[in-house]
Each structure stands twice: as structure tokens, then as C-alpha cells.
Amino acid sequence: MSKRDYYEVLGLNKGASADEIKKAYRSKAKELHPDRNADNPKAEDQFKEANEAYEVLKDADKKAAYDRYGHAAFEGGMGGGGRPGGGQGDFASAFSDVFDDLFGDFMGGQRGGGRQRASRGADLRYNLRVTLEDAFAGLQKTIQVPTSVQCGSCSGSGAEGGAEPTTCPTCSGMGKVRATQGFFTVERTCPTCSGLGQTIKNPCKTCSGAGRVQKERALSVNIPKGVETGTRIRLAGEGEAGLRGGPPGDLYIFIEVEQHELFERDGVHLHCRVPVSMTVAALSGNIEVPTIDGGRSRVAIPAGSQSGRQMRLRSKGMPALRGAGQGDMFIELAVETPVNLTAKQKELLREFEELSEDNNPESKSFFKSVKGFWDSMKG
């Protein structure tokens, strides 16, 4: 039985580029892999056929010979290539390239070696609680951050006296070792250097070869005006020191604004519930209310004000975190019923009640609706 054209096997046109060939083979390998086609007895032969085609077309010299002579280029000694795909070693070699592309990210490696001579330090998180007054005015605050810093004895190299590490003899500095298992070539982290690609003959006594030590640092943090709970502040390069001289990570400060006993925050606006006496609400009057900046504002209460009435004080809220402007402060009136009345006060209130037939329009309207409801139920 004559062989199919290699380009046809991979679904390509003659003259396809190296990237197109690799992409087509990856697609075929995933489609025809025997593990995915247990119910297709032809899948294994088709899989080997695709591998054989890729083994030739991925190599520039073999591809040139094939384009010129076809299958005859590898029969009878032409090109010196032997039968492509004829042995298990060739198969594993061809498939390992695709295996790297498909699974390299999951193995934690990098194409072309995966060496990690110096790795970046981890990012750190610091939770900072501030008062609402601090969030209004902003502040400069010093915090203590436990972290890893570069070892001063070895300057971060991990070697005694700051000497340079040597290339790992097991992985030749690649950080990974390969092992062929059947059709697959599997990459694993080098057991000698733990993936660093380097070893240290005389580890630094201070940091035990890590290139960094634990230390608590004092950092000055600028908290801008208008921060809210959940605001994140990034301090570049203030995170954990990198391993063996690698760059440091970043420090992220997460803000939590404490609840206030007087004000309730809603974005840039503030709400304040203010009790007023029954007489002030009925007759009108002036009251003083606190503001978040520590000041006072005088507010006129209109006659006949009811509980729940809101009044706005413009630009007395929180500053906007990004951009100009400031929110408002909303006052909610809570009309207070007097308690612990004297006999005289009770007498005056009873007298007032007798004269108040037309002074409670909301009550009059409500009970009128109630009467209508009851009458409809009787009907």
C-alpha cells in the first residue's frame, strides 16, 4: 500500500511554514491520540502516520529533500535519514516538542530550559484599618511589615562571601531534567538544584543559601483623602525579596474604614440621624449638627417637620478619591417624644390634645382610610 502524501496527512498545502506544520500536527495529535479513540482501531495507525509526517516536515533538511523527491528521498539511503518515524526514539523526539507546547505551562517550566537562577519575590498583603476622620483628611502612617529582605552578608547570592553560584551538574543549568516514558518525554524539576539551575558549594551562614532573611521593616505609607473600605494601595518593590538576588515583589495595602458612631457613609455622601424635640419640630427652630471635619453647621428646622425628613448640607460629605469634588451630608430628623413628664406638662398636653383636631393631617387621613377599609370588609 502506497504512503499518503505527508502534507495531505496533516491537512496542509505544500510549502506550508514551520509554524503551520507544528500547529497542524498539534491538532492532529490531540485528535488522533489512542487514549482519546479507544473505540477506533485505526486511530493508532493514523496517529503514527501523522507523527511520521511531522518528523520529516519539521526538519528543514528532510523537508527540502521530501519536497524534491517525495517518499523516495528516504528509501534506499537518499538523504541519510532512514525511515522517518520508524523507531520509538524518533516518535518520542517528535512528540516531545508538541508535549512541551501543550503541557509546558502546567509543568511550571519555560520553553527552552525553564531556568530560574533568580526568581522574583512574592507579593505581600497588609490590612490597614483607619478611622472615618482619617479617610476624610488623609494621613501619613508608619507601618511595621514582617517580610524577607536581601541578605546583607552575601548580597543576595546565597553563597558565602558573595561568591557566584555554579551551574548545576545534573541539569546543566536548565533547572529541569527529561525522562522518556514510552511515547512521552516528561520534564521534571531538577532534584539537585530544585529548578534553580545553579548550586552553591558554600552556602551563606546567615541565610543558609536562600539569599534573603526574615526582618520587620518600618514603611511610611501615604493614605490619600477619600479612601474607602476595599481601596488597594500598591507599593512597588516593597514586597518579599527575590530569591538569590531576584527582584522584590510588591506590597499591597488593603484599607478598611472603621464605622463611625455619628456618621454613616454612602460613597462620597454622609448620613447623620439628628433627634429634635417635639416643640422644635412643631414650631420651628435652629439646631447645630456636627460635620466630619470637626466643625458645626447651624440648621433651620421648618415648622411642622416630621420624623424621617431629610435635609442636605452641600459639600459636607467625603472628598472624592479620584478627581475633584466632595459629597454632601444628609440630616435625617428624628422627632423625639418627651418622657418623664411632670403633672403640669401632662395637663398642658391633654389641653393641647383637645385643641388639636385639625393639627394632625396625617393621622386624620390615615384613620379615614382605616374606616373605609373596615366598612368595605363589612360589605
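Since this is a predicted model, take the numbers as computed values, not measurements.

Draft legend 1. Quick peek at the pattern of salt bridges. Overall, the coordinates contain 15 salt bridges when judged by the stated rule. Notably, a salt bridge pairs E52 with K3, separated by 2.9 Å at the nearest N-O pair. Placement of E52 in helix α3 (residues 43-57) and of K3 in the segment before α1 (6-9) is noted, with a sequence separation of 49 residues between them. Judged by its relative accessible area of 37%, K3 is partly exposed. With a shortest N-O distance of 3.7 Å, E55 and K62 are connected by a salt bridge.

Draft legend 2. Structural detail: the state of the cysteines. On inspection of all chains with the given rule, the structure shows zero disulfides. Considering cysteine sulfurs only, C207 is the nearest to C154, which forms no disulfide, with 3.7 Å between them. With no disulfide partner, C168 has as its closest neighbouring cysteine sulfur the one in C171, 3.7 Å distant. We classify C168 as buried; its relative accessible area is 1%.

Draft legend 3. Representation of the pairing of strand β9 (residues 251-257) in the model. By the criterion of burial, β9 is predominantly enclosed, with five of the seven residues buried. Pairing analysis gives seven bridges linking strand β1 (residues 124-130) to β9, with the strands arranged parallel. The residue bridging R129 from the neighbouring strand is E256, located in β9. Taken together, the four bridges between strand β8 (residues 232-235) and β9 define a ladder with antiparallel strand orientation. When the bridges of β9 are listed, I233 appears paired with I253.

Draft legend 4. Spatial organisation of the packing of aromatic side chains. Tallied over the entire structure, the rule returns four aromatic pairs. On the numbers, 6.2 Å between centres and 45 degrees between planes, the contact of Y7 with Y66 is tilted. Of this pair, Y7 sits in helix α1 while Y66 sits in helix α4 (residues 60-69); the two residues are 59 residues apart in sequence, bridging distant segments of the chain. With relative accessibility at 4%, the residue Y66 sits in the buried group. Put simply, the rings of Y6, Y7 and Y66 touch in pairs and so form one group of aromatic residues. The side chain of R125 reaches across the aromatic face of F254, ending 3.8 Å from its centre.

Conventions adopted
Residues numbered from 1 in each chain as written. Predicted model: local features only at pLDDT ≥ 70, side-chain atom pairs only at ≥ 80, totals over all residues. Heavy atoms only, no water. Salt bridge = Lys/Arg side-chain N within 4 Å of Asp/Glu carboxyl O. Helix = DSSP H or I, 4+ residues; strand = E, 2+ residues; numbered from the N terminus. Buried < 20%, exposed > 50% of the residue type's maximum accessible area, 1.4 Å probe, protein only. Disulfide = S-S within 2.5 Å. Pairing = 2+ DSSP bridges. Phe/Tyr/Trp six-rings, centres within 6.5 Å; stacked < 30°, edge-to-face > 60°. Lys NZ or Arg CZ within 6 Å of the ring centre and 35° of its normal.

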